[in-house]
There are 2 protein chains.
Amino acid sequence: MRIADRISDLGTETAFAVSGEAAAFAATGNRVYPFHLGDINLPTPSTVVEGAARAIADGKTGYCPNAGIPQLREALAADIAASHNTPYGPENVVMQPGGKPTIGKFILTLMNPGDEVLYPNPGYPIYESQIEFHGGVAVPYGYTEGAENFALDFDSIERGITDKTRLLILNDLQNPMGAECSLEELERLADLVLEHDLYVLADEAYFDMRYAGKSKSFVEQPGMAERTVILYTFSKKFAMTGWRLGASVGPTEIVDVIAKLNVNDESCSNHFIQYGALAGLAGDQTEVQAILDELHARRDATVAGLNAIDGVHTFAPNATFYLFPNVTELMERKGMSDYEEFRRAALHATGVSFTTRLHFGREIPGEANRYIRFAYSGINVPDIEESLSLFQDWAEA
Amino acid sequence: MRIADRISDLGTETAFAVSGEAAAFAATGNRVYPFHLGDINLPTPSTVVEGAARAIADGKTGYCPNAGIPQLREALAADIAASHNTPYGPENVVMQPGGKPTIGKFILTLMNPGDEVLYPNPGYPIYESQIEFHGGVAVPYGYTEGAENFALDFDSIERGITDKTRLLILNDLQNPMGAECSLEELERLADLVLEHDLYVLADEAYFDMRYAGKSKSFVEQPGMAERTVILYTFSKKFAMTGWRLGASVGPTEIVDVIAKLNVNDESCSNHFIQYGALAGLAGDQTEVQAILDELHARRDATVAGLNAIDGVHTFAPNATFYLFPNVTELMERKGMSDYEEFRRAALHATGVSFTTRLHFGREIPGEANRYIRFAYSGINVPDIEESLSLFQDWAEA
């Protein structure tokens, strides 16, 4: 069979293999504690469920406009305008079947083959994959450990910029690290973007997933809204990961191209789910807050359980539902240098299933510290406590 | 702004502009009779609606596997295996958010830049767009008027094949023409495919939308299942256009690559809708048959209304919900040679809104006959009769 050459440049999410291993381990009668996937084991708010059901009954089962229903584009623009202090209107919003499609469509719209794209690594692995699949050069930048959280490694960003750099991918409130830029970091990044005339994908999948403080968008920096596309998703805030609804939000000229890509790819996002999302945005927020409160409690339990372990240290980020504990000492003590060996040993000894740095972009030569990722969105507090006690026993044995 | 070069090769569905014009005409107080879009104004069967609602209640609101839920892949494989006399299993099925995504993913998986791809013209305009967007050369083939329906123009197919031809797109039970291949045509096409070592996209969006006889798939031809990807969709049979669910069905090696594209593009199709589709396939088919019966009555009314008009002739295809009437004489009599002038004159004089040959791929130099397309999926029989009477009065005035 003659598969096209470009497919050899296509990456994937290797974290799904961890799901497979965990499922196989569970299938042989073992208890698994799932910290490996950023899925949410909480019900979607009834505002959304009932809004979607009403729309089906109202006959919203045919095609809708490629860019989305006007009411939702308007409501979402108003919501984001308010939280981002930026004057977005419906013409700046194009609906997508999930958050992820914005990544590929942003790259297709703005990157020529051979262009260089700065992207976070460790980071969501689809950035790397989509850049290379469409013929670009993926240039990683990193983070360093600060006092209270990870911080942007500006050295690696500045080192990565060349005459060919065209795009920057920023995932503030970051997966897998939970990193959050300070105002100073955002300002410094905006200066670099202007100086080098870059366009930016601001992956804000976790913008509303926070337990203290207030999220600050990169688009609030002067001149940035004009050169930034926001990846918005309903998946996290409304516990709608499996519904598949999100949006690309940005300058009209880019949004119009992305809508034309919609025509070519999936025609439109599901019609009645857009009414469900509209009801979710407009309706009572009690259930949305309850999701955040539950995740907050899980964060606290996971942070406490991990930091109790000798040789493990994690920050307690105020946003996302990820922790990225430093396990350098623990792996050394266990005599393990291989991430996969360590991960499998922990899974088989304790049932605790997590991903590692390896699942978030190609490892960069010379990395001194070892990190694993815990997602606490799919596991309840009692199971977190039980599992981390088992993990501690194993780690300290 | 620096939009990427590739975007200049991206096409669209110009039929959406006709929707816009029709809506604008209606907004000024005029009655519009919608024959322009292949949407369905009938409710989705309750089996599907209830199956999806049950799945939401059961918590199927998180991510599902990238290739789709195993139960649906299995049920759909069994359904297609039975109707296609071909041994498909779940490993041959990868779910998609609609029928359309299979077009781009097939091309990405099998076409290198510079490869030539044969595609039907007049035909669904996204073929042409996706081939050229991804760097291929779109080579049109046509149809000729036979005795009872349109027939493949093998001269144009054979003329189009060169050393660089790698792929063939076949849309049997065709949009916009309603054409259906005879067994002899399928055999002759399979011979050409083998002789020139081509791979095939069989767009079977309308395979189950038929009012007499039985659909024959191209994959039943010897050796063709091994080199063909079927575009399957739930949109038409189950009146689910706005739900966005379909599948790519084909050789495992291709299906696996397409599943990897899913990981990169939309992660997965909506989770609970897949349970709805499963319920639709397994459940009582009374409502599905009622959809077909209603469309059958509409076909008869539209065919009768159009063929009553002096200078108009349409076939009465047993499948699809499209007619492609020859209006060469009518346009001549009206003194109009421009499709858009004719379409707009009819809309403004009668409210009858339709698309023309222009909306289905680039016109090929030297085309002698004039055709327009009527979709009867979105308009009821009384409105069909009323509107075609108005259209006849205008046409014969």
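Residues numbered from 1 in each chain as written. Chains lettered and ligands numbered in written order. Predicted model: local features only at pLDDT ≥ 70, side-chain atom pairs only at ≥ 80, totals over all residues. Heavy atoms only, no water.

Chemist: Would you take a moment to explain the sheet that holds strand β13 (residues 355-356) of chain A for this structure?
Modeler: Paired through backbone hydrogen bonds, the strands of a sheet run either parallel or antiparallel to each other. Residue and element names in this part refer to chain A. Across the sheet, 3 strands lie side by side as β11-β14-β13; this open sheet has antiparallel pairing. Either end of the sheet is taken by a strand with one partner, and the two such strands are β11 (322-323) and β13. Strand direction decides the pairing type here: β13 and strand β14 (residues 372-375), joined by 2 bridges, are antiparallel. Each bridged residue has a counterpart across the sheet, and for Thr355 the counterpart in β14 is Arg373. (Pairing = 2+ DSSP bridges. Helix = DSSP H or I, 4+ residues; strand = E, 2+ residues; numbered from the N terminus.)

Chemist: In this structure, what is going on with the relation of the copies chain A and chain B? I would like to understand it.
Modeler: Between the two copies of this chain, the relationship is a rotation about some axis together with a displacement along it. It takes a turn of 180° to lay chain A on chain B, together with a shift of 0.0 Å along the axis; the resulting RMSD is 0.0 Å. Taken together, the rotation and translation relating the two chain copies correspond to the operation of a two-fold axis. Counting the interface residues of chain A, we find that 100% of their copies in chain B are interface residues as well, pointing to one common contact surface. (Least-squares fit on C-alpha atoms with pLDDT ≥ 70 in both. Contact = heavy atoms within 4.5 Å.)

Chemist: Just checking my understanding: could you explain the environment of A:Arg2 for this structure?
Modeler: Inspection of the secondary structure assignment puts A:Arg2 in the segment before α1 (15-27). Residue contacts for A:Arg2: discarding those within four places in its chain leaves B:Thr109, B:Leu110, B:Arg166, B:Asp197, B:Leu198 and B:Tyr199. Polar contacts involving the side chain of A:Arg2 include one to the main-chain carbonyl oxygen of B:Arg166, which spans 3.4 Å. A distance of 2.9 Å separates a polar side-chain atom of A:Arg2 from the backbone oxygen of B:Asp197. (Polar contact = N/O pair within 3.5 Å; in protein donor to acceptor, adjacent residues only side chain to side chain.)

Chemist: For this particular structure, what's the right way to read the pattern of salt bridges?
Modeler: Opposite charge on two side chains permits them to pair, given that their charged atoms come into close proximity. Tallying each qualifying case throughout the model produces 40 salt bridges over all chains. The closest approach of N and O atoms between B:Glu13 and B:Lys100, which form a salt bridge, is 2.7 Å. Residue B:Glu13 is located in the segment before α1 (15-27), and its partner B:Lys100 is located in the loop between β2 (93-96) and α4 (101-110); the two are separated by 87 residues in the primary sequence. Each member of the pair, B:Glu13 together with B:Lys100, is buried. A salt bridge links B:Lys237 to B:Asp208, with the nearest nitrogen and oxygen atoms 3.9 Å apart. On the criterion of sequence distance, the pair formed by B:Lys237 in the loop between β9 (228-233) and β10 (246-249) and B:Asp208 in the loop between β8 (199-203) and β9 is long-range, its members being 29 residues apart. Judged by its relative accessible area of 16%, B:Lys237 falls in the buried class. Judged by relative accessible area, which is 25%, B:Asp208 ranks as partly exposed. Here the salt bridges share partners, and the residues they tie into one network are A:Glu21, A:Glu340, A:Arg343 and A:Arg344. (Salt bridge = Lys/Arg side-chain N within 4 Å of Asp/Glu carboxyl O. Buried < 20%, exposed > 50% of the residue type's maximum accessible area, 1.4 Å probe, protein only.)

Chemist: For this particular structure, what's the right way to read the interface of chain A and chain B?
Modeler: Reports often express the size of an interface as the amount of accessible area lost when the parts come together. On the side of chain B, 66 residues touch chain A, which itself brings 66 residues to the contact. At the boundary of chain A with chain B, total buried surface from both sides reaches about 5,500 Å², with 53% on carbon and sulfur atoms. The interface formed by chain A and chain B includes 2 salt bridges. With a closest N to O distance of 3.1 Å, B:Asp197 and A:Arg2 form a salt bridge. If you list the elements that add at least two residues to the side of chain A that touches chain B, you get α2 (46-57), α4 (101-110), α5 (125-133), α8 (252-265) and α9 (271-282) of chain A. Per element, the largest residue contribution to the side of chain A that touches chain B is 8 residues, and it comes from α8(A). Across the side of chain A that touches chain B, the residue classes break down as 32 nonpolar, 19 polar and 15 charged. (Buried area = accessible area lost by both parts, 1.4 Å probe. Nonpolar A, V, L, I, M, F, W, Y, C, P; charged D, E, K, R; others polar.)

Chemist: What am I meant to see in the domain arrangement of chain A here?
Modeler: Residues and elements named next belong to chain A. Here chain A is partitioned into domain 1 (5-43 + 287-395) and domain 2 (62-282). Each of domain 1 and domain 2 was reduced to a C-alpha centroid, and the two centroids are 25 Å apart. Taken together, the contacts link 39 residues of domain 1 with 36 residues of domain 2. Taken together, the two surfaces of domain 1 and domain 2 that pack against each other cover about 3,300 Å², and 61% of this comes from carbon and sulfur. Summed over the shared surface of domain 1 and domain 2, the number is 2 salt bridges. Between Arg362 and Glu132 there is a salt bridge; the shortest N-O distance is 2.5 Å. For the interface between domain 1 and domain 2, the tally reads 16 residue pairs in polar contact (both at pLDDT 80 or more). Residue assignment for the side of domain 1 that touches domain 2 shows that the elements contributing at least two residues are α10 (286-307) and β11. (Domains from an automatic or database assignment.)

Chemist: Looking at this model, I keep getting lost on the pairing of strand β2 (residues 93-96) of chain A. Mind explaining?
Modeler: Regular strands have side chains that alternate between both faces of the sheet. Residue and element names in this part refer to chain A. Because side chains alternate across β2, one face comprises the buried residues Val93 and Met95, and the other comprises Val94 and Gln96, equally buried. By the bridge criterion, 4 bridges tie β2 to strand β10 (residues 246-249) in an arrangement that is antiparallel. Each residue of the ladder has a partner; that of Val94, found in β10, is Ser248.

Chemist: Would you explain the sheet that holds strand β13 (residues 355-356) of chain B in this entry?
Modeler: The sheet built from 3 strands is open, its strands ordered β11-β14-β13 (chain B) with antiparallel pairing. Lying at the two open borders of the sheet, with one neighbouring strand each, are β11 (322-323) and β13 of chain B.

Chemist: Honestly, the confidence of the model for chain A in this entry has me stumped. Any pointers?
Modeler: Detailed reading of the predicted coordinates is not advisable wherever pLDDT is low. Looking at chain A as a whole, its pLDDT mean stands at 97, while 100% of the residues score no less than 70. In the predicted assembly, ipTM is 0.97 and pTM is 0.97. (pLDDT = per-residue confidence, 0-100.)

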